[in-house]
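Residues per chain, in single letters:
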Amino acid sequence: MKMKKISRKVVYRSRNGKFTLVSDKVALPNRKIYQYDSVIHGGDVGIVGTVGKKVVMIRQHRYPVDKFTLEIPRGFINKGESMHACAAREMEEEAGYMPRELKKLITCYPAPGFSNEVTHIFFASSLAKTKSKPDDTEFLQTKLLDIRKAIKFVRNSKIQDAITVIGLLTARERGLI
């Protein structure tokens, strides 16, 4: 049974235009009215890239969890940009590698309980080394992590980013890493 939107109020728009916080009045299947707050998100990509037997990872401090994380390169899809173009751009910007081949692995909703964000995860191969070009607000370290070690880090929760976990395990399950 589906909820139905009655009205929407924009609570906040991010400065970069990448997401909006909204408060919707919705009719529930039991006919009660409920206020549902959610984040409207333009979508993003994650990229599992390999160099030999190593996977390209990004180490960065994530302010909301106040921890350094190991993640696959990822980023927002710009307006009018294809998800493939975004994946290639983010791989180069964040990690300094340009993929010659990109294969879509999986699409997922990272947090459907409060956001419509959709993430498209790709596998990148035949990587050409370039120069990274992080945004002014990104302070990143590119790491090449042994594939077996990366999977071990997922299993023992040293890698906790959901998109990274999904990307690595999907690539592993498909025999790509």
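Please refer to the structure placed before this passage.
Residues numbered from 1 in each chain as written. Predicted model: local features only at pLDDT ≥ 70, side-chain atom pairs only at ≥ 80, totals over all residues. Heavy atoms only, no water.

An account of the pairing of strand S2 (residues 19–27) is requested, with residue identities and associated values reported.
Both strand S1 (residues 4–13) and S2 contribute to a ladder of 8 bridges, which runs antiparallel. What sits directly across from Lys9, in S2, is Ser23. Connecting S1 to the antiparallel partner S2 that follows it, the hairpin turn spans 5 residues, and Gly17 within it adopts a positive phi of roughly 75 degrees. Bridge count for S2 against strand S3 (residues 33–41) is 9 bridges, and the pairing is antiparallel. When the bridges of S3 are listed, Leu21 appears paired with Val39. Between S2 and the antiparallel strand that follows it, S3, lie 5 residues; Arg31 among them carries a positive phi value of about 75 degrees. (Pairing = 2+ DSSP bridges. Helix = DSSP H or I, 4+ residues; strand = E, 2+ residues; numbered from the N terminus.)

With reference to specific residues and values, describe helix H1 (residues 83–95).
Compared with the 18 Å implied by 1.5 Å per residue over 13 residues, the 17 Å span of H1 between its first and last C-alpha is a close match. Among the 13 residues in H1, 10 count as buried, and that is most of the element. Those residues of H1 not exposed but buried are Cys86, Ala87, Ala88, Arg89, Glu90, Met91, Glu92, Glu93, Glu94 and Ala95. Each element contacted by the buried residues of H1 is listed here: strand S4 (44–51), strand S5 (54–62), strand S7 (74–76), strand S8 (97–108), strand S9 (119–129) and strand S10 (141–146). Remark: Gly96 follows H1 within two positions and exhibits a positive phi of approximately 80 degrees. (Expected span 1.5 Å × (residues − 1). Buried < 20%, exposed > 50% of the residue type's maximum accessible area, 1.4 Å probe, protein only. Contact = heavy atoms within 4.5 Å.)

Help me get a handle on the nonpolar core, residues and values and all.
Of all hydrophobic cores here, the largest spans 20 residues; its most connected members are Val48, Val55, Leu145, Ile159, Leu168 and Ile177. Listed by contribution, the elements that provide at least two residues to this core are S5, S8, S9, helix H2 (147–155) and helix H3 (162–173). Top contributing element to this core by residue count: H2, with 5 residues. Ignoring anything within four residues of it in the chain, the contact list for Ile159 reads Met57, Leu70, Leu145, Ala150, Phe153, Val154, Thr164, Val165 and Leu168. (Core = buried A, V, L, I, M, F, W, Y, C linked by side-chain atoms within 4.5 Å.)

How would you sum up the sheet that holds S1? Please name residues and give values.
Here we have 3 strands laid out as an open sheet, ordered S1-S2-S3, and antiparallel in their pairing. The open sheet terminates on both sides in strands that have one partner only, identified here as S1 and S3. Across this sheet, the average inter-strand angle for adjacent strands is 25 degrees, counted without regard to direction. (Axes fitted to C-alpha atoms, helices over the stretch in contact; angles between N-to-C directions.)

How would you summarise the layout of surface pockets if you had to cite specific residues and measurements?
Empty space among the atoms becomes apparent when a probe as large as a water molecule is rolled across them. Roughly 1700 Å³ of volume is contained in the largest pocket. Counting residues per element, the lining of the largest pocket draws most heavily on strand S6 (residues 67–71), at 5 residues. Residues of the lining of the largest pocket, tallied by class, amount to 16 nonpolar, 12 polar and 16 charged. As a volume, the second largest pocket reaches approximately 290 Å³. Going through the elements one at a time, S1, S2 and S3 are the ones with two or more residues in the lining of the second largest pocket. Residues that form the lining of the second largest pocket fall into these classes: 7 nonpolar, 4 polar and 4 charged. (1 Å grid on protein atoms, 1.4 Å probe; cavity = no way out; pocket = protein on both sides within 12 Å on 5 of 7 lines; lining within 4 Å. Points joined across faces, edges and corners; volume = space filled by probe spheres on them. Nonpolar A, V, L, I, M, F, W, Y, C, P; charged D, E, K, R; others polar.)

Residues and numbers for the pairing of S9, please.
The element S9 is extensively covered by neighbouring structure, given that 9 of its 11 residues are classed as buried. Judged from the 10 bridges that link them, S8 and S9 form a sheet pairing that is antiparallel. Note on S9: the bridge partner recorded for Glu101 is Ser125.

The values are spatial; any link to function lies outside them.
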